[in-house]
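# Structural features, examined
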Amino acid sequence: MHTGLAAWHRYMQTGDTALLAELIAPDAVFHSPVVHTPQEGHAKVLMYLTAAGQVFADTGFSYVRELVDGPEALLEFTATVDGIHVNGIDLIRFDLEGKIIDFKVMVRPLKAMNKLWEMMAAALQNT
């Protein structure tokens, strides 16, 4: 699990989508704060995480707290998107090989979630 978390942090520092693609398990699931249904499978999870990387580029995104419990990590983040302060968490579960099998994002406040929904929709259309 720790190798998966370290790889996630490397991806966040480099934006290397090849590294991200290797990090996602074939049957991974992504839970968006604004999309009702879970997004299942490697391709969809990769698409959502890549779009999120585009949305959060140049926003001052940083992790400010990290809690690890066995195969799960909760990473609290902050960023500023179009002048709106964003506070959220990434809840990530890794398999025994260190691959992401479940990724859940929660965001606050509502104004930030609405802005991210708008920007993610645009980014997803471009992927």
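Structure: see above.
What you are looking at is a predicted structure, and each value in this text was computed from that prediction instead of being measured. (Residues numbered from 1 in each chain as written. Predicted model: local features only at pLDDT ≥ 70, side-chain atom pairs only at ≥ 80, totals over all residues. Heavy atoms only, no water.)

### Observations regarding the environment of asparagine 87
- Here asparagine 87 lies in strand β5 (residues 84–94).
- With a relative accessible area of 13%, asparagine 87 lands in the buried category.
- Taking C-alpha positions, asparagine 87 is 9.8 Å from tyrosine 63, a pair spaced 24 residues apart along the chain.
- Polar contacts involving the side chain of asparagine 87 include one to the main-chain carbonyl oxygen of phenylalanine 77, which spans 3.2 Å. (Helix = DSSP H or I, 4+ residues; strand = E, 2+ residues; numbered from the N terminus. Buried < 20%, exposed > 50% of the residue type's maximum accessible area, 1.4 Å probe, protein only. Polar contact = N/O pair within 3.5 Å; in protein donor to acceptor, adjacent residues only side chain to side chain.)

### Topic: helix α1 (residues 2–14)
- With 13 residues, α1 should reach 18 Å at 1.5 Å per residue; the first-to-last C-alpha distance of 18 Å fits that figure.
- The set of residues buried in α1 consists of Gly4, Leu5, Ala7, Trp8 and Tyr11. On an axial view of α1, the arc spanned by its buried residues comes to 160°, and they lie on one face. Among the exposed residues of α1, those oriented more than 90 degrees off its buried face are His2, Thr3, Gln13 and Thr14.
- At the exit of α1 stands glycine 15, carrying a positive phi of roughly 70°. (Expected span 1.5 Å × (residues − 1). Arc of directions from axis to C-beta.)

### Regarding the pattern of salt bridges
- All told, the structure shown has four salt bridges when counted by the stated rule.
- Note that arginine 65 is salt-bridged to glutamate 76, the shortest N-O span being 2.7 Å. Of this pair, arginine 65 sits in strand β3 (residues 62–69) while glutamate 76 sits in strand β4 (residues 72–81); the two residues are eleven residues apart in sequence, bridging distant segments of the chain.
- Of the residues examined, glutamate 76 reaches a relative accessible area of 15% and is grouped as buried.
- Across the salt bridge formed by glutamate 72 and arginine 93, the nearest N and O atoms sit 3.0 Å from each other. Placement of glutamate 72 in strand β4 and of arginine 93 in strand β5 is noted, with a sequence separation of 21 residues between them.
- A relative accessible area of 35% means that arginine 93 is categorised as partly exposed. (Salt bridge = Lys/Arg side-chain N within 4 Å of Asp/Glu carboxyl O.)

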